[in-house]
Amino acid sequence: MTFQWTAVATFLYGEIGVILVLCLPFISPLRWQKIFMFPLWSKMAVFWNKMFLTIIVLLIVLFLDAVREIRKYSSVHVNEKAANVNSSAFDHIQMKLFRSQRNLYLSGFSLFLWLVLRRTVTLLTQLAKEMASHAALETQVNDATEAAKKYMAENERLQEALSGKGHGKKKESTDATEEKLKEEVEHLKAELQKTSDAFHKAKTEVAAVKKQSEGLRKEYDHLMKEFQQLQQSLNQAEGKKDL
């Protein structure tokens, strides 16, 4: 295996390891967000898009080169088989064709997993933001509920204290105070309703992101099974070539 394809294979194995670590269930998205906020990652974020596009271009070039090699040796394979050449030349062409197919799988899976890795990091960041917003809204809802209960309790105590007392100006003042408290209670109820609606909306968005992340994880598991099957078939083919 040449240096460039050894580098591609190493890059592919690294991608598999990173994606497996990102999919570990006991590491929460909030913890990943804290890791991504390290100063080192902040410095790398400036060059992230350029590096991402550069690696995509390199992998596409290698993928197209592997496709070209497969087409080249496939046509030669057919011609040599029709010409009934000696077995050593035929085996050499078979070896070249096998290597081209191996390079095609390496570059193709590397390109695909690179895109999956980018999407996984994006989903983890979005999910962490939604979870933080969810926690903030839940705290706000609890505070608004406690404040509303407090004002309602004070209103009830005020009504009990003022029941059966004087008339005239005192009564008018009491009525004004009571109306003001009622307005504050209604205002708090409206704010509570708004906060509750925002909380349910954020909860729905978090569920959608979790569902999308679960679909991506299932797709990755399916892809890993296919990759293992292909790797086994390639190992079997190499064993046969060695024999």
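Q: I'm lost on the overall build of the protein in this one. Help?
A: Of the regular secondary structure elements, the protein holds 5 helices and 0 strands. Ordering the α and β elements of the protein from the N terminus gives α-α-α-α-α. Per-residue burial for the protein yields a buried fraction of 26% across its 243 residues.

Q: What should I look at first to understand the confidence of the model for the protein in this one?
A: In regions of low pLDDT, the predicted coordinates are not meant to be interpreted in detail. Taken residue by residue, the protein gives an average pLDDT of 78. The fraction at 70 or more is 83%. Within the protein, helix α5 (residues 169-242) has the poorest average pLDDT of any element, 74, and helix α1 (residues 3-22) the best, 89.

Q: Is there a simple way to explain the nonpolar core in this structure?
A: It is characteristic of soluble globular proteins that their nonpolar side chains tend to be buried jointly. Judged by nonpolar contacts, the single largest core of 30 residues is most densely connected at Leu-12, Ile-16, Ile-19, Leu-113, Trp-114 and Tyr-220. Looking at this core, the elements with two or more residues in it are α1, α3 (39-83), α4 (87-162) and α5. For this core, the leading source of residues is α4, giving 9 residues.

Q: Where do I start with the pattern of salt bridges in this structure?
A: Opposite charge on two side chains allows them to pair when their charged atoms are near. If you walk through the whole model with that rule in mind, you get 2 salt bridges. Asp-65 is the partner of Arg-68 in a salt bridge, and the nearest nitrogen-oxygen pair spans 2.9 Å. Residue Arg-68 and its partner Asp-65 are both found in helix α3; the two are separated by 3 residues, about one turn of the helix. Accessibility expressed as a relative area gives 44% for Arg-68, which makes it partly exposed. Look at Asp-65 and you get partly exposed, because its relative accessible area is 25%. Notably, a salt bridge pairs Arg-68 with Glu-69, separated by 2.7 Å at the nearest N-O pair.

Q: Help me understand a nonpolar patch on the surface in this model?
A: Among the surface-exposed residues, Val-21, Leu-24 and Phe-26 lie close enough to one another that they form a single nonpolar patch of about 280 Å² accessible area. With respect to the element layout, Phe-26 can be found in the loop between α1 and α2 (29-36).

Q: Which parts of the structure should I look at to understand the environment of Arg-119?
A: Looking at the element boundaries, Arg-119 is found in helix α4. Distance from Arg-119 to Leu-216, taken between C-alpha atoms, is 8.9 Å for residues 97 residues apart in sequence. Excluding residues within four positions of it along the chain, Arg-119 makes contact with Gln-212 and Leu-216.

Q: It is not clear to me how α1 should be interpreted in this structure. Could you clarify?
A: An α-helical turn contains 3.6 residues, so a residue and the one three or four places further along point in the same direction. Over its 20 residues, α1 runs 28 Å from end to end, which matches the ideal 28 Å to within 8%, given 1.5 Å per residue. Of the residues making up α1, those classed as buried are Trp-5, Val-8, Ala-9, Leu-12, Glu-15, Ile-16, Ile-19 and Leu-22. Each buried residue of α1 sits inside an arc of 155° when the element is viewed along its axis, so together they form one side. In α1, the exposed positions that point more than 90 degrees away from the buried face belong to Phe-3 and Thr-10.

Q: So what exactly am I meant to see when it comes to the packing of aromatic side chains here?
A: Summed over all chains, the structure comprises 2 aromatic pairs. By the ring-pair criterion, three or more aromatic residues cluster together here, those being Phe-11, Phe-52 and Trp-114. Over the face of the ring belonging to Phe-52 we find Arg-118, whose NZ or CZ atom lies 4.5 Å from the ring centre.

Q: What's the story with the environment of Lys-201 in this structure? I'm lost.
A: Its location among the elements puts Lys-201 in helix α5. The class for Lys-201 is exposed, based on a relative accessible area of 55%. Between the C-alpha atom of Lys-201 and that of His-134, which follows or precedes it by 67 residues, the distance is 9.2 Å.

Q: Whenever I open this one, the side chain of Glu-130 confuses me. Can you help?
A: Topologically, Glu-130 is positioned in helix α4. Every residue in contact with Glu-130, bar those within four places of it in the chain, is listed here: Ala-202, Glu-205 and Val-206.

Q: Help me out: how do you make sense of the environment of Ser-110 in this one?
A: With respect to the helices and strands, the residue Ser-110 is situated in helix α4. Looking at Ser-110, the relative accessible area reads 0%, which means it is buried. Here the alpha-carbon distance between Ser-110 and Leu-12, two residues 98 residues apart in the chain, equals 5.0 Å. Setting aside residues no more than four positions away along its own chain, Ser-110 makes contact with Val-8, Phe-11, Leu-12, Glu-15 and Leu-59.

Parameters at a glance
- Residues numbered from 1 in each chain as written.
- Predicted model: local features only at pLDDT ≥ 70, side-chain atom pairs only at ≥ 80, totals over all residues.
- Heavy atoms only, no water.
- Helix = DSSP H or I, 4+ residues; strand = E, 2+ residues; numbered from the N terminus.
- Buried < 20%, exposed > 50% of the residue type's maximum accessible area, 1.4 Å probe, protein only.
- pLDDT = per-residue confidence, 0-100.
- Core = buried A, V, L, I, M, F, W, Y, C linked by side-chain atoms within 4.5 Å.
- Salt bridge = Lys/Arg side-chain N within 4 Å of Asp/Glu carboxyl O.
- Patch = residues over 30% accessible without salt bridge, like charges linked within 9 Å, V, L, I, M, F, W, Y side chains within 5 Å.
- Areas by Shrake-Rupley, 256 points an atom, 1.4 Å probe, with all protein chains shown as cover.
- Contact = heavy atoms within 4.5 Å.
- Expected span 1.5 Å × (residues − 1).
- Arc of directions from axis to C-beta.
- Phe/Tyr/Trp six-rings, centres within 6.5 Å; stacked < 30°, edge-to-face > 60°.
- Lys NZ or Arg CZ within 6 Å of the ring centre and 35° of its normal.

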